[in-house]
Amino acid sequence: MPARSVATLTLLPDGADAGVVAAPCWADQVANRVPPATPPNTNSSAPRAPGPAHHLSRRSLPAGFMGPAYQLASMHAIPLRVSRALPRFVPLSASELAQAQPSTVLFLGDVRVEQGPEGAAARLVQATGGTLPGRLESGAAAGQPTITARAVRGDGTVLDVSLGPLLGGVSSPPVAGVFVYGTLMHGEEREGAIRSVLPSVAPVDGWVTGALVHLGAWPGLVSGEGRVYGELFLTPELAPLLAVLDPIEDFTGFHTLPTEYVRVVLPVATVSGRVWAWGYRYVGDMTHAVPIPSGRWRDAPRRLGNARRS
């Protein structure tokens, strides 16, 4: 794991409890991974090779548990001057998000805003599939206690940010579903993974800005100025679906460095307008990636004889 210039420790406001979400220190905190169940009906003709091992400790849970895959083992207080070295995350309301340029928006992932008692600040709690959109400002407001959190941009960049007290009016605009562009689409070999959770939901055609590359047996969404076409599966219950898809995409959470895919929030263009949805962006090795100029996975061969998975 590469060295990091800023330790992501946490300073919690008075009254905060263990449900408050904050990024762990890479040196002092350990994320406890819940081994995901093998998704049913996922056609293993193109199995994904496991990524590099992470230093995680497992915890046992009852069968069928669908809670967060990770939980913080401990939290540590640090002087405010350390938090001020991080860019400040300023939450966006639903109306502000609708008017914002997608390139300027980033999201706190797998969180939900929980309103406190009248007159008290809201707080963040862990919630798989939940998000809090925002923008960045340099520095933190003087005199305000901050917590350190982890945010993700649409291009797959994961960064540490500082977050001040949440005002009572702050809420979490919902992400509408999951956008897929390859083997998880209707009629493709891994569609069964989605159908195990959403057996009767019809996908909506859509596209996102970027480029599509062939990685040997499946595609990857990367940065670009073109269009990548796919399908949007709409659902208000994202946690069960992401619990199945995250292991397929080798995504182990926002508190670990991504190896190949990172889950991001994408603006998906549909016939009904723009919809924000989760999707998986490829951030791995591009040495053997082959461009798919049309941006459509179905236009590409299902296997590339000379391509290999890195």
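Please refer to the structure placed before this passage.
This is a predicted model, so every value here is computed, not measured. (Residues numbered from 1 in each chain as written. Predicted model: local features only at pLDDT ≥ 70, side-chain atom pairs only at ≥ 80, totals over all residues. Heavy atoms only, no water.)

1. Digging into the overall build of the chain
Next, step 1: When helices and strands are tallied, the chain shows four helices and 13 strands.
Next, step 2: Residues classed as buried in the chain amount to 45% of the 310 residues present.
Next, step 3: Counting contacts in the chain only where the partners sit at least 6 residues apart, residues at least 24 apart contribute 73% of the total.
Next, step 4: Per element, the accessible surface of the chain, about 14600 Å² overall, is 55% carbon and sulfur. (Helix = DSSP H or I, 4+ residues; strand = E, 2+ residues; numbered from the N terminus. Buried < 20%, exposed > 50% of the residue type's maximum accessible area, 1.4 Å probe, protein only. Contact = heavy atoms within 4.5 Å. Areas by Shrake-Rupley, 256 points an atom, 1.4 Å probe, with all protein chains shown as cover.)

2. A short note on the nonpolar core
A general tendency of soluble globular proteins is for nonpolar side chains to be buried together.
Next, step 1: By size, the foremost hydrophobic cluster in this structure holds 51 residues, and its most contacted members are Val178, Phe179, Ile194, Leu245 and Trp278.
Next, step 2: Sorting the residues of this core by element identifies β8 (177-180), α3 (191-195), β9 (204-214), β10 (219-234), α4 (238-248), β11 (261-270) and β12 (273-282) as the ones contributing at least two each. (Core = buried A, V, L, I, M, F, W, Y, C linked by side-chain atoms within 4.5 Å.)

3. Let's talk about the packing of aromatic side chains
Next, step 1: One pass over the full model with this rule turns up five aromatic pairs.
Next, step 2: Ring centres 5.4 Å apart and planes at 55 degrees place the aromatic pair Phe107 and Trp276 in the tilted group. Placement of the pair is Phe107 in strand β4 (residues 106-114) and Trp276 in strand β12, with a sequence separation of 169 residues. Each member of the pair, Phe107 together with Trp276, is buried.
Next, step 3: On the numbers, 5.3 Å between centres and 65 degrees between planes, the contact of Tyr261 with Tyr282 is edge-to-face. Taken together, the residues Tyr261 in strand β11 and Tyr282 in strand β12 connect sequence positions 21 residues apart.
Next, step 4: The class for Tyr282 is buried, based on a relative accessible area of 6%.
Next, step 5: Positioned above the aromatic ring of Trp278, the side-chain terminus of Arg263 is 4.5 Å from the ring centre. (Phe/Tyr/Trp six-rings, centres within 6.5 Å; stacked < 30°, edge-to-face > 60°. Lys NZ or Arg CZ within 6 Å of the ring centre and 35° of its normal.)

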